[in-house]
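A look at the structure
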Amino acid sequence: MSDTDAALPGPPLSAPSALPPAFHDLAKRVNNWGRWGVGDEIGTLNLITDEVVRRAAAEVRTGRRVPLALPLKEGGVQTGMIPGRVNPLHTMVQINQELFGPGTVATSDDAVTMGLQAATHWDALTHASHSGKIYNGRPAGTITAHTGARFSGIDAIPYVVSRGVLLDVARAKGLDRLPGDHAVTPQDLDEAAEFGRVEVRAGDIVLVRTGQIQVCLAGDNHAYGHPSPGLSVRTPEWFHARDVAAVANDTLTFEIFPPEIEDLWLPVHALHLVEMGMIQGQNWNLEKLSTACAELSRYAFLLSAMPEPFVGGTGTPVAPVAVL
């Protein structure tokens with residue numbers, strides 16, 4: 001189906017019901033507000049210390065590099081389900097133009113219009129809010145039409161380089177791809193870590209493979225987005241207990257979609273971004289990494305996933321690379 005086809009059904013546009021008490025109880029258990037000071041804007045990325053990066057560098061043994069980004073193209077993963085999040089529109093603004101006169105060196109330039117979260121990306125901490133708050137208890141109203149995110153925008157993040165760990169949930173279960181109604185649980189994460197004989201450590205960036213990106217790669221972007229496996233609302237406590245610095249996966253919505261709890265939309269977004277201050281990534285292509293890790297029997301590596309510093313941005317495209 002083309003990008004102009006009818007959008008999939010999304011969350012209801014009527015007034016939402018209040019978040020349930022169980023959500024607020026969970027939020028208290030994973031909350032990191034004030035942990036790194038009242039002025040902190042980067043949350044769990046504080047866990048990526050110099051020592052963590054030195055240990056991450058020691059994971060490089062073969063020098064094999066695996067790219068994890070989808071191509072940025074007009075026929076990308078966006079279908080209209082998320083209003084305004086448009087696929088890249090690439091336009092040439094100069095073609096072999098001799099700027100300094102006939103016979104001089106000619107140059108070509110281009111421009112792109114796109115949603116910052118159109119393809120492989122990081123969500124900034126300001127991508128989600130709840131109860132009128134963003135990370136560290138700041139008012140959600142600090143995000144405005146003129147300036148974007150005044151605090152905790154993607155430009156506040158100086159770097160994202162650490163030890164990466166692939167939790168290949170699908171392969172650990174002997175599957176190419178998890179079913180669309182599978183909510184990835186803490187038990188699934190434990191089983192994937194045991195399968196890969198890898199320990200998740202403080203400051204790690206965890207990549208969770210469901211295999212769902214295969215649907216996108218096969219060209220069915222609507223089926224890629226819905227229904228989709230993804231992280232369960234039970235997993236934020238698992239990441240919090242292990243002091244994980246960031247999490248990314250190979251799905252459009254990151255968490256299971258439609259939600260596992262009726263009418264509770266995007267609770268994992270709220271728990272990760274707002275309560276924990278932990279950035280999350282979507283649409284990461286983990287297929288080649290899954291193959292490489294299986295071939296080498298190693299599921300830890302150096303991961304570079306630098307954000308583009310869009311000032312005030314609530315997300316950013318990223319071209320991550322795993323080095324084994």
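Residues numbered from 1 in each chain as written. Predicted model: local features only at pLDDT ≥ 70, side-chain atom pairs only at ≥ 80, totals over all residues. Heavy atoms only, no water.

Some words on the overall build of the protein chain
- Tallying secondary structure elements over the protein chain gives 9 helices and 15 strands in all.
- For 324 residues, the compact-globule estimate of 2.2 N^0.38 gives 20 Å, and the protein chain sits close to it at 20 Å.
- Seen along its three principal axes, the alpha-carbon backbone of the protein chain occupies a region of about 70 × 50 × 45 Å.
- Sorting the 324 residues of the protein chain into buried and exposed places 50% on the buried side.
- Restricting the contact set of the protein chain to residue pairs at least 6 apart, pairs at least 24 apart contribute 78%.
- Of the accessible surface of the protein chain, which amounts to about 14600 Å², a share of 55% is contributed by carbon and sulfur atoms.
- Separation of charge centres in the protein chain, based on 24 positive and 35 negative side chains, amounts to 7 Å. (Helix = DSSP H or I, 4+ residues; strand = E, 2+ residues; numbered from the N terminus. Rg over C-alpha atoms; globule rule 2.2 N^0.38 Å. Buried < 20%, exposed > 50% of the residue type's maximum accessible area, 1.4 Å probe, protein only. Contact = heavy atoms within 4.5 Å. Areas by Shrake-Rupley, 256 points an atom, 1.4 Å probe, with all protein chains shown as cover. Lys, Arg positive; Asp, Glu negative; His and termini not counted. Charge placed at Lys NZ, Arg CZ, Asp CG, Glu CD.)

Regarding the packing of aromatic side chains
- If you walk through the whole model with that rule in mind, you get 4 aromatic pairs.
- On the basis of an interplanar angle of 55 degrees and a centroid distance of 5.7 Å, the ring pair of F257 and W265 is categorised as tilted.
- Residue class for W265 comes out partly exposed when judged on its relative accessible area of 28%.
- Geometry around F151 places R138 over its ring, the cationic atom sitting 4.4 Å from the centre. (Phe/Tyr/Trp six-rings, centres within 6.5 Å; stacked < 30°, edge-to-face > 60°. Lys NZ or Arg CZ within 6 Å of the ring centre and 35° of its normal.)

What to know about helix α4 (residues 186–195)
- Those residues of α4 lying buried are P186, D188, L189, A192 and A193. Along α4, the residues classed as buried sweep out an arc of 160 degrees about the axis, all on the same side. Along α4, the residues that are exposed and aim more than 90 degrees away from the buried face are Q187 and E194.
- Summarising the contacts, the buried residues of α4 are in contact with β7 (161–168), α3 (169–172), β8 (183–184), β9 (205–209) and α7 (236–241).
- One or two positions beyond α4, positive phi appears at R197, with a value near 50 degrees. (Arc of directions from axis to C-beta.)

Structural notes on the nonpolar core
- Ranked by size, the top nonpolar core spans 65 residues in total, and within it W122, L167, L207, F239, W284 and L289 carry the most contacts.
- Top contributing element to this core by residue count: helix α8 (residues 267–276), with 6 residues.
- Among the nonpolar cores identified, the runner-up in size contains 9 residues, and V77, M81, I213 and L252 belong to it. (Core = buried A, V, L, I, M, F, W, Y, C linked by side-chain atoms within 4.5 Å.)

Thoughts on the sheet that holds strand β12 (residues 280–282)
- Taken together, 9 strands build an open sheet; the order of strands is β1-β15-β13-β7-β9-β11-β12-β4-β14 and the sheet is mixed. In this open sheet, the two strands that pair with only one neighbour each are β1 (65–67) and β14 (315–317). Averaged over all neighbouring strand pairs, the angle between strand axes comes to 25 degrees, with direction disregarded.
- With 5 bridges joining them, β7 and β9 adopt parallel strand pairing. Bridging across to β9, L167 finds its partner in V208.
- Across the sheet, helix α2 (residues 50–57) lies against β7 and β13 (300–304), angled at about 60 degrees from β7, the strand it touches most. (Pairing = 2+ DSSP bridges. Axes fitted to C-alpha atoms, helices over the stretch in contact; angles between N-to-C directions.)

Focus: the pattern of salt bridges
- All chains considered together, the criterion is met by 14 salt bridges.
- Among the salt bridges present, the one from E59 reaches R298, with a minimum N-O distance of 3.9 Å. One end of the pair, E59, is in the loop between α2 and β1; the other, R298, is in the loop between α9 (287–296) and β13, and 239 residues separate them in sequence. Accessibility classification places E59 together with R298 in one group, the buried group.
- Counted as one network, the salt bridges with shared partners bring together E59, R163, D204 and R298. (Salt bridge = Lys/Arg side-chain N within 4 Å of Asp/Glu carboxyl O.)

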